[in-house]
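Observations on the three-dimensional arrangement
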Amino acid sequence: MKLALAETFCSIQGEGHLTGKRMFFIRFAGCAVKECILHPSQENLCDTDWSVSEVLKGEDAIDKLANEALKIVGASGWVCITGGEPCDQPDALAFLASSIQRLGGKINIQTSGTHRVNAQWDWLTVSPKVPAAELKQSYGQELKVVVADQTDDQILDYYNNTRFWNYYLQPLWSDSNCNSDQTLALLNKLNDCGQPWELSPQVHKYLGVR
Ligand code: SF4
């Protein structure tokens, strides 16, 4: 078994319902989402650096990473597994998640929803990069939509066709600006339609931390 990693670091979760919780972030390398809503043209590529920095080989190496993570955040602390797209490495994801849970840690998995998640989690965040009808993972704890060029109907569909505990809109940043006006106008419109979306402001960006 192998796990291709982009990076690991400890920080504060700045997005969604778990905002403010200290977490150890494990970013998997690679993302197989071909037509990402956020990056619809080949010229406008994803700005998430999910290139491989290290490949863990074997179960012992993955167990060691789980141990290191919980040494930092505490035995019952949070570990955020994100990417790239962690579900592109399903065996490594499942093994890492069970290793963390066995040690007593809590797991937040962040995925684009383009695969069914085959691992244990305490909190599952889907940030969809395909329309609602194409989502393979349509339930969990929170759906977090990054506002780009989606139509109002596409956003309404996410709520109508999925089963999440919480629904968030999150502004899209480019350089040092974000589309806050567009996001807030959309939030008001959805709330006026009776859909209980909330704002996920990405507080780590305002705090100047990762
Ligand atoms: S799903 Fe995430 S990592 Fe993959 S292309 Fe889209 S923004 Fe980038």
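Refer to the structure presented above.
Here the structure is a predicted model, which is why all the values come from computation and not from measurement. (Residues numbered from 1 in each chain as written. Predicted model: local features only at pLDDT ≥ 70, side-chain atom pairs only at ≥ 80, totals over all residues. Heavy atoms only, no water.)

Taken together, Cys31, Val33, Cys36, His39, Cys46, Trp50, Gly84 and Lys129 make up the full set of residues adjacent to the ligand. Its residues assigned to classes, the shell around the ligand comprises five nonpolar, two polar and one charged. (Near = heavy atom within 4 Å. Nonpolar A, V, L, I, M, F, W, Y, C, P; charged D, E, K, R; others polar.)

Take the side chain of Glu85 next. Note that Glu85 resides in the loop between strand 4 (78–82) and helix 2 (90–102). No salt bridge is formed by the buried Glu85; its nearest oppositely charged neighbour, Lys129, is found at 7.3 Å. Within polar-contact distance, the side chain of Glu85 engages the backbone nitrogen of Cys87 at 2.8 Å. Among the polar contacts listed, one links the side chain of Glu85 to the side chain of Thr111, at a separation of 3.0 Å. (Helix = DSSP H or I, 4+ residues; strand = E, 2+ residues; numbered from the N terminus. Buried < 20%, exposed > 50% of the residue type's maximum accessible area, 1.4 Å probe, protein only. Lys, Arg positive; Asp, Glu negative; His and termini not counted. Salt bridge = Lys/Arg side-chain N within 4 Å of Asp/Glu carboxyl O. Polar contact = N/O pair within 3.5 Å; in protein donor to acceptor, adjacent residues only side chain to side chain.)

One key point about sheets: their strands pair by backbone hydrogen bonds, in either a parallel or an antiparallel sense. The mixed open sheet is built from nine strands, whose spatial order is 3-1-2-4-5-6-7-8-11. Lying at the two open borders of the sheet, with one neighbouring strand each, are strand 3 (54–57) and strand 11 (198–199). In this structure, strand 5 (residues 106–111) lies alongside strand 6 (residues 123–126), joined through four bridges in parallel fashion. Looking at strand 6, one finds that Thr111 is bridged to Val126. The strands that helix 2 touches are strand 1 (2–12), strand 2 (22–28), strand 4 and strand 5; relative to strand 5, the one it contacts most, it runs at about 155°. (Pairing = 2+ DSSP bridges. Contact = heavy atoms within 4.5 Å. Axes fitted to C-alpha atoms, helices over the stretch in contact; angles between N-to-C directions.)

Going through the model one piece at a time under the given rule, you end up with seven aromatic pairs. Between Trp121 and Tyr139 the ring centres are 6.3 Å apart and the planes differ by 45°, which places this aromatic pair in the tilted class. Here Trp121 is found in the loop between strand 5 and strand 6, whereas its partner Tyr139 is found in strand 7 (residues 139–146), with 18 residues between them in sequence. Trp121 gets classed as partly exposed once you look at its relative accessible area, which sits at 22%. Accessibility expressed as a relative area gives 28% for Tyr139, which makes it partly exposed. With 5.3 Å between their ring centres and 65° between their planes, Tyr167 and Trp197 make a pair best called edge-to-face. Of the two residues, Tyr167 sits in strand 8 (residues 163–170) while Trp197 sits in the loop between helix 4 (180–192) and strand 11, which places them 30 residues apart along the sequence. Neither Tyr167 nor Trp197 differs from the other in exposure class; each is buried. Taken together, the aromatic side chains of Tyr159, Phe164, Tyr167 and Trp197 make up a single cluster linked through ring pairs. Above the face of the Phe9 ring, Arg210 is positioned so that its terminal group lies 4.0 Å from the ring centre. (Phe/Tyr/Trp six-rings, centres within 6.5 Å; stacked < 30°, edge-to-face > 60°. Lys NZ or Arg CZ within 6 Å of the ring centre and 35° of its normal.)

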